[in-house]
Amino acid sequence: MSRTVYLNGDYMPEEDAKVSIFDRGFLMADGVYEVTTVLDGKLIDFTGHAVRLQRSLKELDMASPIEMEDLLEVHRELVKRNNIDEGLIYLQVTRGAPADRDFVFPDPEKTPSTIVLFTQNKPGLANSPAAKTGMKIISIEDQRWARRDIKTVQLLFPSMGKMMAKAAGCDDAWLVEDGHVTEGTSNNAYIIKDGKIITRNLSNDILHGITRAAVLRFAREAQMEVEERAFSIEEAQNADEAFVTSASTFVMPVVEIDGAKLGGGRPGPVAARLREIYLEESRKTAI
Ligand code: PMP
């Protein structure tokens, strides 16, 4: 059955949602996005995603096409119209469609931003079997641009990274720069050593994950020790456990890094506990 999607102020069937060939999202990847998870028909950490969207727009000097209160309403309306119990809401804003292709930004007065939202129905998202088996990771060089703190739609290298992982019989790739892991292709990366949770510190080098912020907060509240610093693949291979976080995978254990097994190749107790706490607490505050 066709989804109801949202495009520039209107709800419509997905077949009717059309964007110009001159849209800068299409021509130049001049756009930003967010993915918000729906559990029990409610939005997880909506405010975090809305605030990060505003920041991405501001960093790129892109006009916001919608007020934040209206954005919440659109999310809720899409959940309702598409009957989503567990799934995702994808949102994208681009610098719009000027009359022609040009590197120079168009005047926002004449060229409004394009905004698109659509749902992805994912029954069983929170009960993913992968959380029980864990993921196998390869490491590759981080060849993305230097403003990874902005959530842009330039996802070609992360996409290539996932293909490289697949070709190697693995699930995902961790990106390495100057000998240290930045993050996963679409998630933040963590290791656990002697009970301490270690994850890269925030900077322009990584996306400031909304799930990362929540998980670190819950970990500290549970009296777990957290260290925000860079780590190498070698350190990760010698860790007790490893995991990744993202809005769509929550906390997902990593059991193998470049062929080296962690914890005998089975998910460890700390990652499992963090996943449990994250899901429980997020459900409580979902709106
Ligand atoms: N890093 C990258 C590169 C990502 O693409 C994502 C998810 N889009 C994340 C981290 C995780 O961010 P969040 O927890 O906000 O989904």
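Structure: see above.
Fair warning: this is a prediction, and the values are worked out from it, not measured in the lab.

Enquirer: Please explain the overall build of the chain as it appears in this structure.
Expert: Counting its secondary structure elements, the chain contains eight helices and 15 strands. Its C-alpha atoms give the chain a radius of gyration of 19 Å, within 12% of the compact-globule value 19 Å for 287 residues. When the backbone C-alpha atoms are referred to their principal axes, the chain occupies close to 55 × 40 × 35 Å. Taking all 287 residues of the chain together, the buried fraction comes to 51%. In the chain, the proportion of contacts linking residues at least 24 apart, taken out of those at least 6 apart, comes to 71%. For the chain, the exposed area adds up to about 13,900 Å²; of that, 51% sits on carbon and sulfur atoms. Computed over 35 positive and 45 negative side-chain charges, the separation of the two mean positions in the chain equals 3 Å.

Enquirer: Explain the packing of helix α6 (residues 210-221) against helix α8 (residues 269-285) here, please?
Expert: Two quantities define a packed helix pair, namely the angle between the helix axes and the distance between the axes. The interhelical angle for the contact between α6 and α8, taken along N-to-C directions, is 105 degrees, at an axis separation of 10 Å. Here α6 is positioned roughly perpendicular relative to α8, judged by the angle of their axes. For the pair formed by α6 and α8, the contact residues are Thr211, Ala214, Val215, Phe218 and Ala219 on the first element and Leu274, Ile277, Tyr278, Glu281 and Ser282 on the second.

Enquirer: Can you help me understand a negative patch on the surface in this one?
Expert: A cluster of acidic residues, Glu67, Glu69, Asp70 and Glu73, forms a negative patch on the protein surface. Structurally, Glu67 is set in the loop between α2 (46-59) and α3 (68-81). Given the relative accessible area of 52%, Glu67 is considered exposed.

Enquirer: I keep staring at the packing of aromatic side chains and nothing clicks. Help me out?
Expert: Per the stated rule, a full pass over the model turns up seven aromatic pairs. Seen in terms of ring centroids, Phe250 and Tyr278 are 6.1 Å apart; in terms of plane orientation they differ by 40 degrees. Their pairing is tilted. Of this pair, Phe250 sits in strand β14 (residues 250-257) while Tyr278 sits in helix α8; the two residues are 28 residues apart in sequence, bridging distant segments of the chain. For the pair Phe250 and Tyr278, one class covers both residues: buried. Taken together, the aromatic side chains of Tyr33, Tyr90 and Phe118 make up a single cluster linked through ring pairs. The ring of Tyr11 is capped by Arg81, whose NZ or CZ atom sits 4.2 Å from the centre of that ring. Across the ring face of Phe105, the terminal group of Arg95 is positioned such that the distance to the ring centre comes to 3.4 Å.

Analysis parameters
Residues numbered from 1 in each chain as written. Predicted model: local features only at pLDDT ≥ 70, side-chain atom pairs only at ≥ 80, totals over all residues. Heavy atoms only, no water. Helix = DSSP H or I, 4+ residues; strand = E, 2+ residues; numbered from the N terminus. Rg over C-alpha atoms; globule rule 2.2 N^0.38 Å. Buried < 20%, exposed > 50% of the residue type's maximum accessible area, 1.4 Å probe, protein only. Contact = heavy atoms within 4.5 Å. Areas by Shrake-Rupley, 256 points an atom, 1.4 Å probe, with all protein chains shown as cover. Lys, Arg positive; Asp, Glu negative; His and termini not counted. Charge placed at Lys NZ, Arg CZ, Asp CG, Glu CD. Axes fitted to C-alpha atoms, helices over the stretch in contact; angles between N-to-C directions. Parallel < 35°, antiparallel > 145°, perpendicular 65-115°, else oblique. Patch = residues over 30% accessible without salt bridge, like charges linked within 9 Å, V, L, I, M, F, W, Y side chains within 5 Å. Salt bridge = Lys/Arg side-chain N within 4 Å of Asp/Glu carboxyl O. Phe/Tyr/Trp six-rings, centres within 6.5 Å; stacked < 30°, edge-to-face > 60°. Lys NZ or Arg CZ within 6 Å of the ring centre and 35° of its normal.

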